[in-house]
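# Working through the structure, step by step
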Amino acid sequence: MSKRKLLMLTHSAGFKHDYLPVAVKTVEELGVESKEFEVVATEDCSLINEENLKTASALLFATTGELPMTEEQKVALIRFVKEGGGFVGVHNATDTFYKFPEYGEMLGGYFNGHPWTQEIVAKVEDNNHPATKHLPKSFKVKEEVYTFKNWSRNKTHVLISLDISSVDLSKGNRADNDYALSWCHEYGRGRVFYTAFGHFKEIWNEEWFRKHLLGGILWSMNVL
């Protein structure tokens, strides 16, 4: 059986995060160590096309801004997920394609600011998912915490959320004070996993995050 392919896009049409080189290295290592997938990492948006997607099991976006893709590419991307492909969004994937609402609907929401860059307490809401089963019920982590618009827990399954007692809540921007940090859902026949973690380079070398991301990738591929 040929190995699954994970197509990883790191194009920055907006802010360019400095974690990207270590992210590519980490995801490639996870593929090798798990023996479950090989990684094709690129900044070239033209590779996200119908032909290439035929051979991919999942997409991973670590992107920003309005990506330079044609309407045909956008249609192919959404169709890929709806027809059973996996989609993994990391951190700034929600800070992408604001003018392409189907993308936001597929992913679950859009970036709406980062009021807290500090050590926070993260709460694990679902300890049975492959991306979270290794985690304690709550843990401390330094992160640039994203908040989201066009997002509701009614539309997705929250895996990890912010313990709001660990931050100055007056800086927040959601009336419901509901700040998710990782979620997953089905979209058509496909599976979508998102993690808001990843801003700091150091986190990519931490064992808990590597397992978290690997679990999310393999779940999106329907392996777990």
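Helices and strands together make up the secondary structure of the protein chain, namely five helices and 11 strands. Taken over C-alpha atoms, the radius of gyration comes to 16 Å for the protein chain, in line with the 17 Å a tight globule of 224 residues would show. Overall size of the protein chain, expressed as C-alpha extent along the three principal axes, is 50 × 35 × 30 Å. When contacts within the protein chain are restricted to residue pairs at least 6 apart in sequence, those whose partners lie at least 24 apart make up 74%. Looking at charge distribution, the protein chain has the averaged site of its 26 positive side-chain charges lying 3 Å from that of its 30 negative ones.

Moving on, we get to the packing of helix 1 (residues 20-34) against helix 5 (residues 207-220). Contact pair helix 1 / helix 5: the axes reach a minimum separation of 11 Å and the direction vectors enclose 70°. One element, helix 1, and the other, helix 5, form an angle in the roughly perpendicular class. With respect to the hand of their crossing, helix 1 and helix 5 are arranged in right-handed fashion. Contact with helix 1, carried on its side by T26, V27, E29, L30, E33 and S34, involves R210, L213, L214 and I217 of helix 5 and no other residues of that element. For the contact of helix 1 with helix 5, the residue count by class is five nonpolar, two polar and three charged.

Now for the environment of L181. Along the chain, L181 falls in strand 10 (residues 180-187). Placed 33 residues apart in sequence, L181 and F148 show a C-alpha to C-alpha distance of 9.8 Å. The residues touching L181, leaving out its near neighbours within four places in the chain, are I120, A122, V145, I160, S161, L162, Y194, T195, A196 and F197.

Okay, the nonpolar core next. Residues V27, F37, F197 and W204 are the most contacted members of the largest nonpolar core, which totals 44 residues. With seven residues, the top contributor of residues to this core is helix 5. Those residues in contact with F197 that lie beyond four places of it in its chain are V90, H91, A122, F139, V141, E143, I160, L181, I203, W208, F209 and H212. Residues C45, F61, M69 and Y103 belong to the second largest nonpolar core, which totals 34 residues.

Pairing is mixed across the open sheet formed by nine strands, whose spatial order is 2-1-3-4-11-10-9-6-7. Only two strands of the sheet have a single partner each, and these edge strands are strand 2 (37-42) and strand 7 (138-145). Shown here is a sheet whose adjacent strand axes are inclined to one another by a mean of 20°, direction ignored. As paired elements, strand 3 (residues 58-61) and strand 4 (residues 86-90) share four bridges and run parallel to each other. In the strand pairing of strand 4, L59 is matched with F87. Set on the sheet, helix 3 (residues 71-82) makes contact with strand 3, strand 4, strand 10 and strand 11 (190-195); between it and strand 3 the angle comes to about 125°.

Definitions and limits used
- Residues numbered from 1 in each chain as written.
- Predicted model: local features only at pLDDT ≥ 70, side-chain atom pairs only at ≥ 80, totals over all residues.
- Heavy atoms only, no water.
- Helix = DSSP H or I, 4+ residues; strand = E, 2+ residues; numbered from the N terminus.
- Rg over C-alpha atoms; globule rule 2.2 N^0.38 Å.
- Contact = heavy atoms within 4.5 Å.
- Lys, Arg positive; Asp, Glu negative; His and termini not counted.
- Charge placed at Lys NZ, Arg CZ, Asp CG, Glu CD.
- Axes fitted to C-alpha atoms, helices over the stretch in contact; angles between N-to-C directions.
- Parallel < 35°, antiparallel > 145°, perpendicular 65-115°, else oblique.
- Left-handed = near helix turned anticlockwise from the far one by under 90°.
- Nonpolar A, V, L, I, M, F, W, Y, C, P; charged D, E, K, R; others polar.
- Core = buried A, V, L, I, M, F, W, Y, C linked by side-chain atoms within 4.5 Å.
- Buried < 20%, exposed > 50% of the residue type's maximum accessible area, 1.4 Å probe, protein only.
- Pairing = 2+ DSSP bridges.

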